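Listed here are the chains, written in short residue letters.
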Amino acid sequence: MPNSERIEWIDVAKGIGIIIVVIYHCTPNGYLKNFLWQMHMPLFAFLSGMVFKQFYAENIENMKLFIIKRIKSIYLPFIKYSLCFLCLHNIFFKINFIGTINGNTLYALRQYIHQAINILTLGGGESLTGPLWYLIPLIEVELLYVMMMYIARKATDERKSMCMIGIVCLLIFFTLSNLNLPRNLSNASRLLLFYYLGYLYKYCIYNKVKIKSVLVILCLAIWMVCTVVSDSWQSEKLIIVMISAICGIICTVKLAQLIKVSTKILKYLGKKTMPIVAYHFLIFCLVKCIYVKVYDMDYKYIATTGAICDYKWIITYLVCGILGSLFLDKVITGIKDCIKIKIA
């Protein structure tokens, strides 16, 4: 598979995925929200698995290199965004961007220290960076997978090692997913399977089997039916979770492959998923300021986690959430660049 083609449509798929995430966070409870919740996190795990390279599992040195790269690309961004928002916690509380309505209080020094430790040990984050929680199980999945592949490749040949890893991922999925494990390990147990499927698709299926339109239509139908009986990828109905997420992933991958040449916007969004995930709740607060004014609501509702969900406002939240996050990221990057120039 040519590297440029792989990168191109994977970025498009990530762009589609981040749009789904933002829409999900501003959609009222109901069928549409559940429909989107079936696959948006498994999709990102699948795409992460697609970009995993066998090279990293060949020896200990390569595995160390992989771990360092993931610390830099996942752990450090989580820490950076979470600690920055932690420093602004009391300011956000005083301007009602967070509040008692979503379980927040003003922090004293003790609370700041406790929350900082919680963030550094991947125990959680700030309310306004809530969507970053996904990075916690993702880094757990990445580290677990590279160790599994290293052990499996040492034990047997490549084909058998792939089968072994697949069996282990299924066992973990069906035995640990519904347990109440700390540090998001339950979610990591679910996402590990989809990470493996992404890797499997890239190396064993992509060049051999093309996704047909008939299959996409069938998957879409199954995805829609599964939504009726299961509300999310975190449901305890594990077989439904697996089937629904796979069907949603197939539909998204096919869509990304179809439009990969014709769009630069989705590719750009796919490369900017981190700041969008980090900032869109903050931007939602600005939209909520307008919302409560329009509908003459109590200003305490601005502190509602995520959006004040309303179907008529989904497009407003979506456009503002994405464009506002990109603008804020651009401004902050520009400020950092100016500081670096002055220091130099």
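Rules used throughout
Residues numbered from 1 in each chain as written. Predicted model: local features only at pLDDT ≥ 70, side-chain atom pairs only at ≥ 80, totals over all residues. Heavy atoms only, no water. 1 Å grid on protein atoms, 1.4 Å probe; cavity = no way out; pocket = protein on both sides within 12 Å on 5 of 7 lines; lining within 4 Å. Points joined across faces, edges and corners; volume = space filled by probe spheres on them. Nonpolar A, V, L, I, M, F, W, Y, C, P; charged D, E, K, R; others polar. Helix = DSSP H or I, 4+ residues; strand = E, 2+ residues; numbered from the N terminus. Buried < 20%, exposed > 50% of the residue type's maximum accessible area, 1.4 Å probe, protein only. Lys, Arg positive; Asp, Glu negative; His and termini not counted. Salt bridge = Lys/Arg side-chain N within 4 Å of Asp/Glu carboxyl O. Axes fitted to C-alpha atoms, helices over the stretch in contact; angles between N-to-C directions. Parallel < 35°, antiparallel > 145°, perpendicular 65-115°, else oblique. Left-handed = near helix turned anticlockwise from the far one by under 90°. Contact = heavy atoms within 4.5 Å.

Student: I'm lost on empty space enclosed by the protein in this one. Help?
Tutor: Gaps left between atoms show up when a probe the size of a water molecule is rolled over them. Taken as a whole, this structure holds 2 cavities of 30 Å³ or more when the rule is applied. In this structure, the largest cavity occupies an estimated 40 Å³ of space. Every residue along the wall of the largest cavity is listed here: Phe97, Asn102, Ser127, Leu128, Phe281, Cys285, Lys288, Ala303, Thr304, Thr305 and Gly306. Taken together, the residues of the lining of the largest cavity sort by class into 5 nonpolar, 5 polar and 1 charged. In this structure, the second largest cavity spans a volume of roughly 30 Å³. Around the second largest cavity, the lining residues are Phe85, Phe92, Ile98, Glu126, Ser127 and Leu128. Within the lining of the second largest cavity, the residues separate by chemical class into 4 nonpolar, 1 polar and 1 charged.

Student: Would you explain unusual backbone geometry in this entry?
Tutor: Most peptide bonds adopt trans geometry, and most residues besides glycine take a negative phi value. Non-glycine residue Arg183 carries a positive phi angle of around 55°. Residue position: Arg183 is located in the loop between helix H8 (158–176) and helix H9 (185–205). On the basis of relative accessibility, which here comes to 39%, the residue Arg183 falls in the partly exposed class. Unusually for a residue other than glycine, Asn184 sits at a positive phi of about 65°. Within the secondary structure, Asn184 is located in the loop between H8 and H9.

Student: When you look at the side chain of Asp11 in this model, what are you seeing that I'm missing?
Tutor: Along the polypeptide, Asp11 turns up in helix H1 (residues 3–25). Buried and unpaired, Asp11 has no salt bridge, with Lys271 as the nearest side chain of opposite charge at 4.3 Å.

Student: Can you help me understand the packing of helix H13 (residues 273–294) against helix H14 (residues 314–343) in this one?
Tutor: Packed helices, taken two at a time, are described by the angle between their axes plus the distance between the axes. In contact at an axis separation of 7 Å, H13 and H14 are set at 120° when each is read in the N-to-C sense. Of the possible angle classes, the one that applies to H13 and H14 is oblique. Judged by the twist between their axes, the crossing of H13 over H14 is right-handed. For the pair formed by H13 and H14, the contact residues are Pro275, Ile276, Tyr279, His280, Leu282, Ile283, Phe284, Val287 and Lys288 on the first element and Thr316, Tyr317, Cys320, Gly321, Ile322, Gly324, Ser325, Leu326, Leu328, Asp329 and Ile332 on the second. Residue classes in the contact of H13 with H14 are distributed as 13 nonpolar, 5 polar and 2 charged.

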